[in-house]
Amino acid sequence: MSKLENSEILQPALLDILKELHSQYKSLKEGVVANYIPELAKVNPDLFSICIVTTDGQIYEVGDFQQLFTIQSISKVFVYGQALADHGRDYLLTRVGVEPTGDAFNAIILDEQSKRPYNPMVNAGAIATTSLIKGKGATERLNRLLEMYRRYIGKDIFVDISVFTSERSTGHRNRANAHLMLNFGMIDQNIEESLDLYFQQCSVMVNCRDLAVMAATLANKGINPITQEQAVDTCYIKDILSVMYTCGMYNFAGEWAYKVGIPAKSGVSGGIIAVVPGQMGIGVFSPLLDTRGNSVRGVKVCEELSQRLGLHLFDCALS
Ligand code: GLU
């Protein structure tokens, strides 16, 4: 029996817990919205939503769950899955490592010896991963990623052009990372096309429910629990969840693993996804960020959900 069933949380009680957490943390106004991408600075800082989708397809949601925002770094998880599907685990490991950095997400840094970026959840590793997405030219590669998102979310989604152009015209650190990798032969010559694709994958619009459905798909062996479509081969779920667990929360990943204890990924627009394998996906959206780039309310909500529902993977007390 799963921990969740074990803890006898009845369905209405789960919604009650979300409502309680939402009203408890609505008044928390700590943090600042991301402003290094000018378009992101325009967001309403009060937006706040929480959604849980279970692997049997039930949806629990509170707050501004229809509100669209750009997915940002949460995209890295899914694009990593696509690159695994395109090339396989062994080849991917020769191009991108799986080692946490302890550095900021946008650090301009490669592993000294191998010249690989440390992992696919930091910007350098994500750009290298995106550069591996197959397709004949920019349009086909973008369409393959949009199709990938469609499988995970269950509907068509779109790139927000103003965020994309805002990122593209200000993403000098990302460009520096790409040039560093080009210098060591870790990505191919066509870096502008890959950078555009990276900026586009970050600029797709999702809402909080979409995030939870995507997370629930990872929790459900790669099968979207609403549409029953296979979004990614089951054999890659362990690779994806492992790097989320060790590297997904920027340079807070260790503390997150210790306290919350489930694979997760955050993005600078204020989204967080968290995956409870076999049970549920969690999505939280609140744009006020702490100094590491994680949503302040999002971290609090996940910490509390983990404690109250006994979600920590290594918590033996409830099994
Ligand atoms: N598009 C953002 C960047 O490359 C993503 C950063 C993030 O969400 O962590 O800077």
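Up top is the structure these notes are about.
Residues numbered from 1 in each chain as written. Predicted model: local features only at pLDDT ≥ 70, side-chain atom pairs only at ≥ 80, totals over all residues. Heavy atoms only, no water.

Q: Help me get a handle on the side chain of N207, residues and values and all.
A: Within the secondary structure layout, N207 lies in the loop between β4 (205–206) and α10 (208–219). Looking at N207, its side chain comes within polar contact range of the main-chain nitrogen of R209, at 3.1 Å. (Helix = DSSP H or I, 4+ residues; strand = E, 2+ residues; numbered from the N terminus. Polar contact = N/O pair within 3.5 Å; in protein donor to acceptor, adjacent residues only side chain to side chain.)

Q: Account for the site of the ligand, with residues named and values stated.
A: Taken together, Y36, Q72, S73, F105, N123, E167, N174, Y198, C202, Y250, G267 and V268 make up the full set of residues near the ligand. For the ligand, an oxygen atom lies 2.9 Å from a polar atom in the side chain of N174. A distance of 2.8 Å separates an oxygen atom of the ligand from a polar atom in the backbone of V268. Here the ligand has 290 Å² of accessible area as a free molecule, and 99% of this is covered by the chains. The residue makeup of the shell around the ligand, split by class, is six nonpolar, five polar and one charged. (Near = heavy atom within 4 Å. Areas by Shrake-Rupley, 256 points an atom, 1.4 Å probe, with all protein chains shown as cover. Nonpolar A, V, L, I, M, F, W, Y, C, P; charged D, E, K, R; others polar.)

Q: Could you give me a rundown of empty space enclosed by the protein, with the residues and numbers involved?
A: With the rule as written, the count across this model stands at one cavity of 30 Å³ or more. Roughly 40 Å³ of volume is contained in the largest cavity. Lining the largest cavity, in full, are T101, A104, F105, A107, I109, Y118, V122, N123 and A124. Residues that form the lining of the largest cavity fall into these classes: seven nonpolar, two polar and no charged. (1 Å grid on protein atoms, 1.4 Å probe; cavity = no way out; pocket = protein on both sides within 12 Å on 5 of 7 lines; lining within 4 Å. Points joined across faces, edges and corners; volume = space filled by probe spheres on them.)

Q: Got a sec to walk through the pairing of strand β1 (residues 49–54)? Specific residues and values, please.
A: In terms of burial, β1 is largely enclosed, as six of its six residues are buried. Residue alternation in β1 divides its side chains into two sets, S49, C51 and V53 and I50, I52 and T54, and both sets are buried. In textbook terms, the turn of a hairpin is the stretch between consecutive antiparallel strands, and for β1 and strand β2 (residues 59–63) this stretch comprises four residues, one of which, G57, has a positive phi near 85°. Judged from the six bridges that link them, β1 and strand β7 (residues 280–285) form a sheet pairing that is antiparallel. By the bridge assignment for β7, C51 is matched with G283. (Buried < 20%, exposed > 50% of the residue type's maximum accessible area, 1.4 Å probe, protein only. Pairing = 2+ DSSP bridges.)

Q: Tell me about the packing of aromatic side chains, residues and numbers included.
A: Applying the stated criterion across every chain yields a total of six aromatic pairs. Residues F78 and Y152 carry aromatic rings whose centres are separated by 4.6 Å and whose planes lie at 75° to one another, so their mutual orientation is edge-to-face. One end of the pair, F78, is in helix α3 (residues 75–87); the other, Y152, is in helix α6 (residues 137–153), with 74 residues separating them in the sequence. Its end group placed over the ring of Y250, K265 keeps NZ or CZ at 4.4 Å from the ring centre. Directly above the aromatic system of F48 lies the positively charged group of R297, at a separation of 4.8 Å from the ring centroid. (Phe/Tyr/Trp six-rings, centres within 6.5 Å; stacked < 30°, edge-to-face > 60°. Lys NZ or Arg CZ within 6 Å of the ring centre and 35° of its normal.)

Q: So what's going on with the pairing of strand β6 (residues 271–276)? Which residues, and what values?
A: In terms of burial, β6 is a largely internal element, six of the six residues being buried. A two-sided burial pattern is seen for β6, the buried positions comprising G271, I273 and V275 on one face and I272, A274 and V276 on the other. For strand β5 (residues 264–266) and β6, the ladder comprises three bridges, and the chain directions are antiparallel. Residue pairing in the sheet places A264 in a bridge with A274 of β6. Between the antiparallel neighbours β5 and β6 lie four residues, among them G270 with a positive phi of about 110°. Here β6 folds back onto β7, and the loop between the two strands holds three residues, one of which, G278, carries a positive phi near 80°.

Q: Now, about the nonpolar core: what can you tell me, with residues and values included?
A: In terms of nonpolar packing, the biggest core is built from 64 residues, with I71, F78, Y152, M181, L218, I240 and M244 touching the most fellow members. Here the element with the most residues in this core is α10; it accounts for nine residues. Those residues in contact with I71, other than ones at most four positions away along the chain, are Y149, Q201, C202, V204, V206, L211, M214, G267 and S269. Counting 30 residues, the second-largest nonpolar core is a separate cluster that includes Y60, V62, V260 and V276. (Core = buried A, V, L, I, M, F, W, Y, C linked by side-chain atoms within 4.5 Å. Contact = heavy atoms within 4.5 Å.)

Q: I'd love a proper account of the sheet that holds β6, names of residues and values included.
A: Ordered by their spatial adjacency, five strands build an open sheet running β2-β1-β7-β6-β5, and the pairing between neighbours is antiparallel. Two strands close off the open sheet at either side, each with one partner strand: β2 and β5. Pairs of neighbouring strands in the sheet enclose a mean axial angle of 10°, with direction left out of account. Sheet analysis places β1 next to β2, joined by five bridges and oriented antiparallel. Each bridged residue has a counterpart across the sheet, and for I50 the counterpart in β2 is V62. (Axes fitted to C-alpha atoms, helices over the stretch in contact; angles between N-to-C directions.)

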